[in-house]
Amino acid sequence: MWWENEFVTARKRRLYLGGRSAEEIAGRHGTPLLVYGRRQILANYETLVRTFSKTSRLPLRVCYAMKANPHREILRLLRRQGAWIDAVSPREVEEALRAGFSARRILFTGTSLGHADLRRAFRVDGLTVNIDALEQLELMQELKKKEFREKTIRVSVRWNPGIGRGFNPRAITAGARSTDGTPIKFGVEKSKVLAAFEKASSSGFLPVGLHQHLGSGWVDEDYEVVSTAVDRMIAMASRAEKEGFRLEFLDFGGGFGPRYEERQRVFPLRRYAAHITRRIAEAGLRVEAIAVEPGKYLVADAGVLLLGVQYLKESYGQLFACVNSGTYNSLPRPAIYPQARHHIVHCGRVYDGKMRPVTVAGNLCETGDVFGKEIPMPVPQSGDILAVLGAGAYGRSMASNFNLRDIPEEVFI
Ligand code: LLP
(Lines give C-alpha, C1' and ligand atoms only; values in the text may rest on other atoms or scores of the structure.)
Protein backbone atom coordinates (compact mmCIF):
# COMPACT_ATOMS: atom_id res chain seq x y z
CA MET A 1 0.00 0.00 0.00
CA TRP A 2 1.20 3.51 -0.71
CA TRP A 3 0.85 4.46 2.97
CA GLU A 4 2.93 1.70 4.48
CA ASN A 5 6.06 2.68 6.37
CA GLU A 6 8.19 1.37 9.25
CA PHE A 7 5.32 1.93 11.65
CA VAL A 8 2.12 1.28 9.71
CA THR A 9 1.93 -1.98 7.77
CA ALA A 10 -0.69 -4.33 6.35
CA ARG A 11 -0.31 -8.07 6.85
CA LYS A 12 -2.90 -10.61 5.80
CA ARG A 13 -5.32 -7.76 5.29
CA ARG A 14 -4.99 -6.59 8.88
CA LEU A 15 -3.41 -3.39 10.07
CA TYR A 16 -0.27 -3.51 12.22
CA LEU A 17 1.35 -0.67 14.10
CA GLY A 18 4.99 -1.17 14.97
CA GLY A 19 4.51 -4.89 14.39
CA ARG A 20 1.48 -5.18 16.69
CA SER A 21 -2.08 -5.72 15.59
CA ALA A 22 -3.98 -2.42 15.60
CA GLU A 23 -7.11 -4.22 16.81
CA GLU A 24 -5.22 -5.74 19.72
CA ILE A 25 -3.81 -2.35 20.69
CA ALA A 26 -7.33 -0.91 20.56
CA GLY A 27 -8.65 -3.83 22.64
CA ARG A 28 -5.99 -3.29 25.26
CA HIS A 29 -6.10 0.50 25.60
CA GLY A 30 -9.58 1.32 24.34
CA THR A 31 -10.57 3.85 21.70
CA PRO A 32 -10.27 6.61 20.72
CA LEU A 33 -6.52 6.25 20.98
CA LEU A 34 -3.50 8.00 19.50
CA VAL A 35 -0.69 5.57 18.79
CA TYR A 36 2.82 6.78 17.98
CA GLY A 37 5.77 4.86 16.57
CA ARG A 38 9.19 5.76 17.90
CA ARG A 39 11.04 4.04 15.09
CA GLN A 40 9.21 5.98 12.41
CA ILE A 41 10.14 9.28 14.05
CA LEU A 42 13.76 8.17 14.16
CA ALA A 43 13.61 7.03 10.52
CA ASN A 44 12.20 10.41 9.44
CA TYR A 45 14.89 12.23 11.38
CA GLU A 46 17.64 10.12 9.85
CA THR A 47 16.31 10.54 6.32
CA LEU A 48 16.30 14.29 6.75
CA VAL A 49 19.83 14.43 8.15
CA ARG A 50 21.15 12.06 5.47
CA THR A 51 19.51 14.06 2.69
CA PHE A 52 21.18 17.28 3.77
CA SER A 53 24.54 15.69 4.57
CA LYS A 54 24.73 14.36 1.01
CA THR A 55 24.87 17.89 -0.30
CA SER A 56 26.46 19.93 2.44
CA ARG A 57 29.31 19.90 4.89
CA LEU A 58 27.73 22.69 6.89
CA PRO A 59 26.22 21.30 10.08
CA LEU A 60 22.43 20.93 9.92
CA ARG A 61 20.33 22.00 12.89
CA VAL A 62 17.09 20.09 12.83
CA CYS A 63 14.93 22.34 15.01
CA TYR A 64 11.85 20.26 15.76
CA ALA A 65 8.73 22.45 15.51
CA MET A 66 7.28 21.14 18.74
CA LYS A 67 3.90 22.77 18.09
CA ALA A 68 3.27 19.76 15.85
CA ASN A 69 3.36 17.44 18.84
CA PRO A 70 4.89 18.47 22.16
CA HIS A 71 4.62 15.05 23.84
CA ARG A 72 7.58 14.74 26.19
CA GLU A 73 8.55 11.30 24.86
CA ILE A 74 8.89 12.74 21.38
CA LEU A 75 10.95 15.64 22.66
CA ARG A 76 13.26 13.29 24.57
CA LEU A 77 13.60 10.95 21.63
CA LEU A 78 14.60 13.76 19.29
CA ARG A 79 16.91 15.33 21.85
CA ARG A 80 18.83 12.08 22.06
CA GLN A 81 19.26 12.20 18.27
CA GLY A 82 20.81 15.65 18.50
CA ALA A 83 17.81 17.74 17.49
CA TRP A 84 17.28 21.41 18.30
CA ILE A 85 13.92 23.05 19.02
CA ASP A 86 11.64 25.59 17.39
CA ALA A 87 9.45 26.89 20.23
CA VAL A 88 6.72 29.50 19.76
CA SER A 89 5.54 30.27 23.28
CA PRO A 90 7.17 30.59 26.71
CA ARG A 91 5.47 27.37 27.75
CA GLU A 92 6.94 25.52 24.78
CA VAL A 93 10.38 26.82 25.74
CA GLU A 94 9.88 25.60 29.29
CA GLU A 95 8.63 22.18 28.14
CA ALA A 96 11.67 21.78 25.90
CA LEU A 97 13.95 22.63 28.82
CA ARG A 98 12.11 20.09 30.96
CA ALA A 99 12.67 17.46 28.27
CA GLY A 100 16.39 18.12 28.60
CA PHE A 101 17.17 20.49 25.72
CA SER A 102 19.80 23.06 26.55
CA ALA A 103 18.63 26.63 26.02
CA ARG A 104 21.39 27.03 23.44
CA ARG A 105 19.48 24.61 21.23
CA ILE A 106 16.15 26.43 21.41
CA LEU A 107 15.04 29.15 19.01
CA PHE A 108 12.06 31.05 20.37
CA THR A 109 9.94 32.32 17.48
CA GLY A 110 6.94 34.03 18.99
CA THR A 111 4.50 36.51 17.52
CA SER A 112 2.49 39.22 19.33
CA LEU A 113 4.80 38.97 22.31
CA GLY A 114 4.50 41.35 25.23
CA HIS A 115 6.70 42.11 28.21
CA ALA A 116 5.44 39.12 30.20
CA ASP A 117 6.33 36.65 27.41
CA LEU A 118 9.65 38.33 26.76
CA ARG A 119 10.59 38.37 30.44
CA ARG A 120 10.07 34.60 30.62
CA ALA A 121 12.26 34.19 27.55
CA PHE A 122 15.00 36.58 28.68
CA ARG A 123 15.34 34.72 31.97
CA VAL A 124 16.46 31.60 30.09
CA ASP A 125 20.23 31.87 29.72
CA GLY A 126 21.44 31.01 26.23
CA LEU A 127 18.05 31.07 24.49
CA THR A 128 17.87 32.70 21.05
CA VAL A 129 14.92 35.05 20.59
CA ASN A 130 13.68 35.45 17.04
CA ILE A 131 12.45 38.99 16.29
CA ASP A 132 9.10 39.07 14.48
CA ALA A 133 8.77 42.86 14.18
CA LEU A 134 10.73 46.06 14.69
CA GLU A 135 7.96 46.98 17.09
CA GLN A 136 8.61 43.79 19.09
CA LEU A 137 12.27 44.78 19.22
CA GLU A 138 11.25 48.07 20.84
CA LEU A 139 9.54 46.19 23.65
CA MET A 140 12.62 44.00 23.95
CA GLN A 141 14.85 47.08 24.25
CA GLU A 142 12.68 48.57 26.97
CA LEU A 143 12.71 45.38 28.97
CA LYS A 144 16.43 44.82 28.55
CA LYS A 145 17.18 48.34 29.75
CA LYS A 146 14.98 47.94 32.80
CA GLU A 147 15.63 44.39 33.92
CA PHE A 148 18.34 42.68 31.89
CA ARG A 149 20.90 45.41 31.33
CA GLU A 150 24.00 43.25 31.83
CA LYS A 151 22.75 40.19 30.03
CA THR A 152 23.86 39.10 26.55
CA ILE A 153 20.76 37.93 24.74
CA ARG A 154 21.09 36.09 21.45
CA VAL A 155 18.62 37.19 18.78
CA SER A 156 17.82 36.43 15.18
CA VAL A 157 15.53 38.17 12.74
CA ARG A 158 12.53 36.45 11.22
CA TRP A 159 12.08 38.16 7.92
CA ASN A 160 9.24 37.91 5.46
CA PRO A 161 10.70 37.33 1.98
CA GLY A 162 7.53 38.55 0.25
CA ILE A 163 6.40 35.12 -1.01
CA GLY A 164 5.14 32.07 0.80
CA ARG A 165 3.65 28.66 0.23
CA GLY A 166 1.39 26.26 2.10
CA PHE A 167 -1.31 23.65 1.59
CA ASN A 168 -4.08 26.12 2.34
CA PRO A 169 -4.43 29.91 2.73
CA ARG A 170 -4.23 29.71 6.51
CA ALA A 171 -0.97 27.81 6.42
CA ILE A 172 0.87 30.35 4.24
CA THR A 173 3.06 32.44 6.53
CA ALA A 174 5.03 34.75 4.22
CA GLY A 175 4.15 37.28 1.55
CA ALA A 176 1.98 40.38 1.89
CA ARG A 177 -1.34 38.55 1.74
CA SER A 178 -2.37 34.93 1.71
CA THR A 179 -4.22 33.43 -1.25
CA ASP A 180 -7.57 34.19 0.42
CA GLY A 181 -6.63 37.83 0.94
CA THR A 182 -5.69 37.66 4.61
CA PRO A 183 -2.86 40.12 5.37
CA ILE A 184 0.12 38.11 6.66
CA LYS A 185 1.23 39.09 10.13
CA PHE A 186 4.59 37.32 10.31
CA GLY A 187 8.13 38.55 10.01
CA VAL A 188 10.02 41.75 9.30
CA GLU A 189 9.54 43.13 5.80
CA LYS A 190 12.50 43.40 3.47
CA SER A 191 13.12 47.13 3.82
CA LYS A 192 13.34 46.87 7.62
CA VAL A 193 15.60 43.85 8.08
CA LEU A 194 18.93 45.65 8.23
CA ALA A 195 17.44 48.22 10.58
CA ALA A 196 16.37 45.35 12.83
CA PHE A 197 19.92 43.97 12.96
CA GLU A 198 21.34 47.44 13.62
CA LYS A 199 18.84 48.30 16.30
CA ALA A 200 19.33 44.95 17.98
CA SER A 201 23.08 45.18 18.15
CA SER A 202 23.16 48.83 19.17
CA SER A 203 20.93 48.04 22.13
CA GLY A 204 23.12 45.24 23.40
CA PHE A 205 21.54 42.19 21.83
CA LEU A 206 23.71 39.72 19.95
CA PRO A 207 22.38 39.04 16.44
CA VAL A 208 23.23 35.50 15.40
CA GLY A 209 20.87 34.45 12.65
CA LEU A 210 18.37 35.10 9.90
CA HIS A 211 15.14 33.12 9.71
CA GLN A 212 12.19 32.61 7.41
CA HIS A 213 9.21 30.29 7.46
CA LEU A 214 7.09 30.22 4.32
CA GLY A 215 4.22 27.99 5.34
CA SER A 216 3.21 24.41 5.96
CA GLY A 217 2.47 21.34 3.88
CA TRP A 218 4.55 21.80 0.72
CA VAL A 219 4.21 19.37 -2.14
CA ASP A 220 6.17 18.91 -5.34
CA GLU A 221 4.46 21.80 -7.17
CA ASP A 222 5.59 24.23 -4.48
CA TYR A 223 9.26 23.81 -5.29
CA GLU A 224 9.66 26.81 -7.61
CA VAL A 225 8.28 29.32 -5.17
CA VAL A 226 10.17 27.78 -2.26
CA SER A 227 13.48 27.86 -4.12
CA THR A 228 12.90 31.50 -5.10
CA ALA A 229 12.39 32.29 -1.44
CA VAL A 230 15.68 30.52 -0.67
CA ASP A 231 17.42 32.80 -3.20
CA ARG A 232 15.90 35.85 -1.54
CA MET A 233 17.07 34.66 1.86
CA ILE A 234 20.63 34.23 0.58
CA ALA A 235 20.58 37.72 -0.93
CA MET A 236 19.37 39.18 2.36
CA ALA A 237 21.99 37.27 4.35
CA SER A 238 24.70 38.60 2.00
CA ARG A 239 23.55 42.15 2.61
CA ALA A 240 23.60 41.59 6.36
CA GLU A 241 27.12 40.16 6.18
CA LYS A 242 28.27 43.12 4.09
CA GLU A 243 26.96 45.41 6.77
CA GLY A 244 29.19 43.60 9.20
CA PHE A 245 26.72 41.29 10.92
CA ARG A 246 28.21 37.89 11.56
CA LEU A 247 25.45 35.33 11.09
CA GLU A 248 25.98 32.03 12.79
CA PHE A 249 23.00 30.33 11.15
CA LEU A 250 20.43 30.65 8.39
CA ASP A 251 17.12 29.06 9.33
CA PHE A 252 14.85 28.13 6.43
CA GLY A 253 11.89 27.12 8.59
CA GLY A 254 9.69 24.07 8.19
CA GLY A 255 7.00 23.25 5.68
CA PHE A 256 8.14 20.18 3.74
CA GLY A 257 5.28 17.79 4.09
CA PRO A 258 4.89 14.05 4.47
CA ARG A 259 2.64 12.15 2.09
CA TYR A 260 -0.95 12.44 3.26
CA GLU A 261 -2.73 11.12 0.20
CA GLU A 262 -2.06 8.76 -2.65
CA ARG A 263 -2.19 11.30 -5.47
CA GLN A 264 0.16 13.71 -3.71
CA ARG A 265 3.66 14.10 -5.08
CA VAL A 266 5.98 14.83 -2.19
CA PHE A 267 8.19 17.87 -1.96
CA PRO A 268 11.66 17.23 -3.49
CA LEU A 269 13.69 17.50 -0.31
CA ARG A 270 16.98 16.47 -1.86
CA ARG A 271 16.73 19.13 -4.55
CA TYR A 272 15.85 21.69 -1.88
CA ALA A 273 18.86 20.73 0.27
CA ALA A 274 21.17 20.88 -2.76
CA HIS A 275 19.78 24.27 -3.76
CA ILE A 276 20.34 25.77 -0.30
CA THR A 277 23.89 24.41 -0.17
CA ARG A 278 24.78 25.63 -3.65
CA ARG A 279 23.44 29.10 -3.06
CA ILE A 280 25.26 29.51 0.25
CA ALA A 281 28.53 28.46 -1.42
CA GLU A 282 28.00 30.73 -4.45
CA ALA A 283 27.34 33.71 -2.21
CA GLY A 284 30.43 32.91 -0.15
CA LEU A 285 28.48 33.27 3.09
CA ARG A 286 30.40 32.66 6.29
CA VAL A 287 27.49 31.03 8.14
CA GLU A 288 28.35 28.13 10.41
CA ALA A 289 25.14 26.16 10.16
CA ILE A 290 21.92 25.63 8.24
CA ALA A 291 18.73 25.20 10.23
CA VAL A 292 15.36 23.76 9.27
CA GLU A 293 12.24 23.49 11.41
CA PRO A 294 10.23 20.43 10.49
CA GLY A 295 7.08 19.56 12.37
CA LYS A 296 4.91 17.43 10.09
CA TYR A 297 7.83 15.81 8.32
CA LEU A 298 9.13 14.23 11.52
CA VAL A 299 5.96 13.12 13.25
CA ALA A 300 2.84 13.12 11.03
CA ASP A 301 3.23 9.61 9.61
CA ALA A 302 4.43 8.29 12.97
CA GLY A 303 0.98 8.70 14.48
CA VAL A 304 -2.33 6.92 13.94
CA LEU A 305 -5.71 7.65 15.49
CA LEU A 306 -7.70 4.52 16.31
CA LEU A 307 -11.46 5.01 16.40
CA GLY A 308 -14.23 2.64 17.35
CA VAL A 309 -17.28 2.39 15.07
CA GLN A 310 -20.49 2.91 17.05
CA TYR A 311 -22.81 2.10 14.17
CA LEU A 312 -23.13 2.31 10.46
CA LYS A 313 -25.71 4.77 9.21
CA GLU A 314 -27.32 5.11 5.82
CA SER A 315 -28.94 8.42 4.94
CA TYR A 316 -29.98 9.87 1.58
CA GLY A 317 -27.78 7.33 -0.13
CA GLN A 318 -24.70 8.15 1.95
CA LEU A 319 -22.91 5.64 4.14
CA PHE A 320 -21.58 6.92 7.46
CA ALA A 321 -19.30 5.15 9.91
CA CYS A 322 -20.22 6.96 13.13
CA VAL A 323 -17.20 6.82 15.41
CA ASN A 324 -16.47 7.46 19.08
CA SER A 325 -14.46 10.69 18.91
CA GLY A 326 -14.84 14.11 17.38
CA THR A 327 -12.35 15.73 15.03
CA TYR A 328 -11.86 18.72 17.32
CA ASN A 329 -11.09 16.42 20.24
CA SER A 330 -8.45 14.33 18.51
CA LEU A 331 -7.49 15.48 15.00
CA PRO A 332 -9.15 18.78 14.03
CA ARG A 333 -7.31 19.15 10.70
CA PRO A 334 -10.00 17.71 8.38
CA ALA A 335 -12.68 19.81 10.08
CA ILE A 336 -10.85 23.11 9.99
CA TYR A 337 -8.91 22.89 6.70
CA PRO A 338 -10.98 21.87 3.68
CA GLN A 339 -7.72 20.87 1.95
CA ALA A 340 -6.52 18.51 4.70
CA ARG A 341 -6.71 14.82 3.79
CA HIS A 342 -6.20 11.81 6.03
CA HIS A 343 -6.39 8.34 4.66
CA ILE A 344 -8.53 6.00 6.78
CA VAL A 345 -8.07 2.26 6.98
CA HIS A 346 -10.35 -0.49 8.27
CA CYS A 347 -8.06 -2.26 10.75
CA GLY A 348 -9.62 -5.72 10.49
CA ARG A 349 -10.05 -5.75 6.72
CA VAL A 350 -7.64 -3.34 5.09
CA TYR A 351 -9.17 -4.22 1.75
CA ASP A 352 -11.51 -6.74 0.21
CA GLY A 353 -13.43 -7.17 -2.99
CA LYS A 354 -16.34 -4.93 -1.96
CA MET A 355 -15.04 -1.49 -1.16
CA ARG A 356 -17.68 1.23 -0.67
CA PRO A 357 -17.28 4.99 -0.17
CA VAL A 358 -17.73 5.60 3.55
CA THR A 359 -17.83 8.98 5.32
CA VAL A 360 -16.25 8.70 8.75
CA ALA A 361 -18.28 10.97 11.01
CA GLY A 362 -17.32 12.10 14.51
CA ASN A 363 -19.54 12.55 17.55
CA LEU A 364 -19.67 16.37 17.62
CA CYS A 365 -22.54 18.64 16.69
CA GLU A 366 -21.11 20.07 13.50
CA THR A 367 -21.52 18.95 9.92
CA GLY A 368 -17.82 19.57 9.35
CA ASP A 369 -17.00 16.98 11.99
CA VAL A 370 -15.90 14.27 9.56
CA PHE A 371 -12.48 12.61 9.56
CA GLY A 372 -12.77 11.64 5.91
CA LYS A 373 -15.36 11.96 3.17
CA GLU A 374 -16.33 8.99 1.03
CA ILE A 375 -13.21 6.97 1.68
CA PRO A 376 -13.27 3.62 -0.13
CA MET A 377 -13.17 0.78 2.42
CA PRO A 378 -14.83 -2.52 3.23
CA VAL A 379 -18.12 -1.61 4.90
CA PRO A 380 -17.44 -1.42 8.66
CA GLN A 381 -19.76 -2.80 11.34
CA SER A 382 -20.49 -1.69 14.87
CA GLY A 383 -17.44 -2.49 17.04
CA ASP A 384 -14.93 -2.38 14.18
CA ILE A 385 -11.80 -0.28 14.51
CA LEU A 386 -10.76 2.36 11.97
CA ALA A 387 -7.32 3.95 11.75
CA VAL A 388 -6.88 7.55 10.67
CA LEU A 389 -3.36 7.87 9.27
CA GLY A 390 -1.03 10.85 9.44
CA ALA A 391 -2.32 11.76 12.89
CA GLY A 392 1.05 12.38 14.57
CA ALA A 393 1.26 16.10 13.76
CA TYR A 394 -1.22 18.83 14.74
CA GLY A 395 -3.65 16.26 16.21
CA ARG A 396 -3.30 16.18 19.97
CA SER A 397 -1.58 19.57 19.93
CA MET A 398 -4.66 21.26 18.48
CA ALA A 399 -7.28 19.12 20.20
CA SER A 400 -9.84 20.65 22.56
CA ASN A 401 -12.65 19.46 24.79
CA PHE A 402 -15.27 20.88 22.44
CA ASN A 403 -18.72 19.50 23.33
CA LEU A 404 -17.08 18.45 26.61
CA ARG A 405 -15.66 15.38 24.96
CA ASP A 406 -12.41 13.86 26.16
CA ILE A 407 -9.10 14.08 24.35
CA PRO A 408 -7.77 10.58 23.53
CA GLU A 409 -5.01 8.82 25.43
CA GLU A 410 -1.65 8.55 23.72
CA VAL A 411 0.55 5.45 23.63
CA PHE A 412 3.95 4.71 22.14
CA ILE A 413 4.97 1.58 20.33
N1 LLP B 1 8.51 26.94 12.00
C2 LLP B 1 7.59 27.87 12.25
C3 LLP B 1 8.00 29.22 12.64
C4 LLP B 1 6.23 27.55 12.12
O5 LLP B 1 5.31 28.48 12.37
C6 LLP B 1 5.85 26.24 11.74
C7 LLP B 1 4.45 25.88 11.59
C8 LLP B 1 6.86 25.28 11.52
C9 LLP B 1 8.18 25.68 11.64
C10 LLP B 1 6.57 23.86 11.17
O11 LLP B 1 5.86 23.65 9.98
P12 LLP B 1 5.67 22.14 9.43
O13 LLP B 1 7.05 21.61 9.13
O14 LLP B 1 4.99 21.36 10.47
O15 LLP B 1 4.87 22.30 8.21
N16 LLP B 1 -2.00 23.57 11.96
C17 LLP B 1 -1.55 23.40 10.60
C18 LLP B 1 -0.09 23.68 10.44
C19 LLP B 1 0.28 25.05 10.92
C20 LLP B 1 1.76 25.22 10.99
C21 LLP B 1 2.12 26.53 11.57
N22 LLP B 1 3.51 26.72 11.68
C23 LLP B 1 -1.87 21.99 10.11
O24 LLP B 1 -2.43 21.20 10.86
O25 LLP B 1 -1.61 21.67 8.96
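Residues numbered from 1 in each chain as written. Predicted model: local features only at pLDDT ≥ 70, side-chain atom pairs only at ≥ 80, totals over all residues. Heavy atoms only, no water.

A. Expanded view of the overall build of the chain. A tally of helices and strands in the chain yields 12 helices and 20 strands. The C-alpha extent of the chain, read off along each of the three principal axes, is 70 × 40 × 40 Å. Each of the 413 residues in the chain was classed as buried or not, and the buried ones make up 56%. Across the chain, every contact between residues at least 6 apart in sequence was considered, and the portion connecting residues at least 24 apart equals 73%. Counting 60 positive and 45 negative side-chain charges, the chain places the averaged centre of each group 2 Å from the other. (Helix = DSSP H or I, 4+ residues; strand = E, 2+ residues; numbered from the N terminus. Buried < 20%, exposed > 50% of the residue type's maximum accessible area, 1.4 Å probe, protein only. Contact = heavy atoms within 4.5 Å. Lys, Arg positive; Asp, Glu negative; His and termini not counted. Charge placed at Lys NZ, Arg CZ, Asp CG, Glu CD.)

B. Inspection of the pairing of strand 19 (residues 385–388) at higher detail. Side chains Ile385 and Ala387 project from strand 19 onto one buried face, and the interleaved Leu386 and Val388 project onto a second face that is buried too. Of the pairings in the sheet, the one linking strand 14 (residues 303–315) to strand 19 comprises four bridges and is antiparallel in character. Pairing of Leu307 across the sheet is with Leu386, part of strand 19. (Pairing = 2+ DSSP bridges.)

C. Representation of a nonpolar patch on the surface within the structure. Together, Met1, Tyr351 and Met355 make up an exposed nonpolar region whose accessible area comes to about 280 Å². Tracing the backbone through its elements, the reader meets Tyr351 in the loop between strand 16 (344–346) and strand 17 (355–361). (Patch = residues over 30% accessible without salt bridge, like charges linked within 9 Å, V, L, I, M, F, W, Y side chains within 5 Å. Areas by Shrake-Rupley, 256 points an atom, 1.4 Å probe, with all protein chains shown as cover. Salt bridge = Lys/Arg side-chain N within 4 Å of Asp/Glu carboxyl O.)

D. Examining the site of the ligand more closely. The local shell around the ligand holds 17 residues, among which Ser216, Glu293, Lys296, Arg333 and Tyr394 are the closest. One nitrogen or oxygen atom from the main chain of Gly295 is found 2.9 Å from an oxygen atom belonging to the ligand. Note that a nitrogen atom of the ligand is positioned 2.8 Å from one of the side-chain N or O atoms of Tyr337. Taken by itself the ligand offers 580 Å² of open surface, and the protein chains cover 91% of this. Of the residues in the shell around the ligand, the class split is six nonpolar, six polar and five charged. Both of domain 1 (8–37 + 300–412) and domain 2 (109–294) provide at least three residues apiece to the shell around the ligand. (Near = heavy atom within 4 Å. Polar contact = N/O pair within 3.5 Å; in protein donor to acceptor, adjacent residues only side chain to side chain. Nonpolar A, V, L, I, M, F, W, Y, C, P; charged D, E, K, R; others polar. Domains from an automatic or database assignment.)

E. The arrangement of the pattern of salt bridges in detail. Going through the model one piece at a time under the given rule, you end up with 23 salt bridges. Put simply, Arg72 and Glu95 hold a salt bridge, and the shortest N to O gap is 3.0 Å. Taken together, the positions of Arg72 in helix 3 (residues 72–81) and Glu95 in helix 4 (residues 90–98) put the pair 23 residues apart, joining distant regions of the chain. A relative accessible area of 14% places Glu95 in the buried class. Of the charged contacts, one joins Arg271 and Glu224 as a salt bridge, the two residues approaching to 3.9 Å between their closest N and O atoms. Linking Arg271 in helix 9 (residues 269–283) with Glu224 in helix 8 (residues 223–242), this pair joins segments that are 47 residues apart in sequence. Among the ionic contacts, a cluster of salt bridges with common partners joins Arg61, Arg104, Arg154 and Glu248.

F. Structural view of the sheet that holds strand 2 (residues 14–17). With respect to topology, three strands assemble into an open sheet ordered 1-2-3, the strand pairing being antiparallel. The two strands at the open ends of the sheet, each matched to only one other strand, are strand 1 (8–11) and strand 3 (20–21). The pairing of strand 2 with strand 3 spans two bridges and is antiparallel. By the bridge assignment for strand 3, Leu17 is matched with Arg20.

G. Fine view of the packing of helix 6 (residues 134–147) against helix 7 (residues 193–202). Direction vectors running N to C along helix 6 and helix 7 enclose 5 degrees, while the axes themselves pass 10 Å from each other. Comparing the axis directions of helix 6 and helix 7 gives the class roughly parallel. Of the residues in helix 7, those in contact with Leu134, Leu137, Glu138 and Gln141 of helix 6 are Ala195, Ala196, Lys199 and Ala200. Residues belonging to the contact of helix 6 with helix 7 are distributed by class as follows: five nonpolar, one polar and two charged. (Axes fitted to C-alpha atoms, helices over the stretch in contact; angles between N-to-C directions. Parallel < 35°, antiparallel > 145°, perpendicular 65-115°, else oblique.)

H. Helix 4, seen in detail. Within helix 4, the full set of buried residues consists of Pro90, Glu92, Val93, Glu95 and Ala96. For helix 4, the elements touching its buried residues are helix 3, strand 6 (84–87), strand 7 (106–108) and helix 5 (115–122).

I. Summary view of the packing of helix 2 (residues 38–55) against helix 3. The geometry of helix 2 relative to helix 3 is characterised by a closest axis approach of 11 Å and an angle of 40 degrees between their N-to-C directions. With respect to each other, helix 2 and helix 3 are oriented oblique. Crossing angle aside, the handedness with which helix 2 passes helix 3 is right-handed. On helix 3, the residues that touch Arg38, Ile41, Leu42 and Tyr45 of helix 2 are Glu73, Ile74, Leu77, Leu78 and Gln81. (Left-handed = near helix turned anticlockwise from the far one by under 90°.)

J. Looking closely at the side chain of Thr128. Looking at where Thr128 falls in the secondary structure, it is placed in strand 8 (residues 128–131). The contact partners of Thr128, leaving out residues within four places of it in the chain, are Ile106, Leu107, Phe108, Arg154, Val155, Ser156, Val208 and Phe249.

K. Structural detail: the nonpolar core. By size, the foremost hydrophobic cluster in this structure holds 102 residues, and its most contacted members are Tyr64, Phe122, Leu210, Leu250 and Tyr272. With nine residues, helix 8 is the largest single contributor of residues to this core. Three or more residues apiece are contributed to this core by two domains, here domain 1 (8–37 + 300–412) and domain 2 (109–294). In this structure, Leu210 is in contact with Ser156, Val157, Trp159, Val193, Phe197, Met233, Met236, Ala237, Leu247, Phe249, Leu250 and Asp251, ignoring residues within four places of it in sequence. (Core = buried A, V, L, I, M, F, W, Y, C linked by side-chain atoms within 4.5 Å.)

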